[in-house]
Amino acid sequence: SAASDVYKRQYNEKAAQQGWAHSQYNTGVNYRDGRGCEQSYERAAEWFEKAAAQGDAKALNALGVAYKHGHGVPQSDERAFELYKQSAVQGHSGAQYNIGHCYRDGRGCEQSYKRAVEWFKKAAGQGHAAARNGVPMSRRTSRSPARDSRDLSHPPGLGFTPRGPSPQARSTTWPTPTTTPRAR
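Quick caveat, the model's predicted, so the values are computed rather than measured. (Residues numbered from 1 in each chain as written. Predicted model: local features only at pLDDT ≥ 70, side-chain atom pairs only at ≥ 80, totals over all residues. Heavy atoms only, no water.)

**With respect to the confidence of the model for the protein**
Residue-level pLDDT values for the protein average 81, and 72% of them are 70 or greater. Considering only residues more than four positions removed or in separate chains, one finds that residues 140–179, a stretch of pLDDT under 50, has 39 contacts. (pLDDT = per-residue confidence, 0-100. Contact = heavy atoms within 4.5 Å.)

**A word on the state of the cysteines**
Overall, the coordinates contain 0 disulfides when judged by the stated rule. Left without a disulfide partner, Cys109 is nearest to the cysteine sulfur of Cys102, which lies 5.5 Å away. (Disulfide = S-S within 2.5 Å.)

**So, the pattern of salt bridges**
Following the criterion strictly, the structure yields 8 salt bridges and no others. The partner of Arg43 in a salt bridge is Glu13, with the nearest N and O atoms 3.4 Å apart. Here Arg43, found in helix α3 (residues 41–53), pairs with Glu13, found in helix α1 (residues 2–17); they are 30 residues apart in sequence, far enough to count as distant. Put simply, Asp77 and Arg107 hold a salt bridge, and the shortest N to O gap is 3.4 Å. Taken together, the residues Asp77 in helix α5 (residues 77–88) and Arg107 in the loop between α6 (93–105) and α7 (113–125) connect sequence positions 30 residues apart. Using a relative accessible area of 16% as the deciding quantity, one classes Asp77 as buried. Connected through salt bridges with shared partners, the residues Arg9, Glu13, Arg43 and Glu46 form a single ionic network. (Salt bridge = Lys/Arg side-chain N within 4 Å of Asp/Glu carboxyl O. Helix = DSSP H or I, 4+ residues; strand = E, 2+ residues; numbered from the N terminus. Buried < 20%, exposed > 50% of the residue type's maximum accessible area, 1.4 Å probe, protein only.)

This is how it looks when you write it as structure tokens:
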């Protein structure tokens, strides 16, 4: 309920003002999403910044997302990449996944499919749902005309499995289970 959201935000903000990093992060989420308060990317970024200064992995990742999109802070792919990296080395699977996207697209770092796959696999190994569904290498990029005509969904020599079952698995016919009717 809205009243509950207001109470939670007030409680979190009091703890945040006392310097609790987790509460600073939660307060940032409340402002980012407009939970119990008016939505404000600027206020969210301020709270994420405070928690990130204390090394909070969730806040580092959230602040990286803010920089990527320019929400409440100046847009900067380079700063986003730095923040994701700080969060990822602490084991944050979302940040590891975000680093994979940075390497895949060459945003904030030099493009490297090999490094992208490494980071996507790290995220998948920690249970990140999107990363576990397959290495997301299907984005086409338009950074150069030569890339526009290539399908980047399967860069050569990376050793990853594309999404979905393999051609062999798709062609396999599985036996239908035989059931015996139950006596009534």
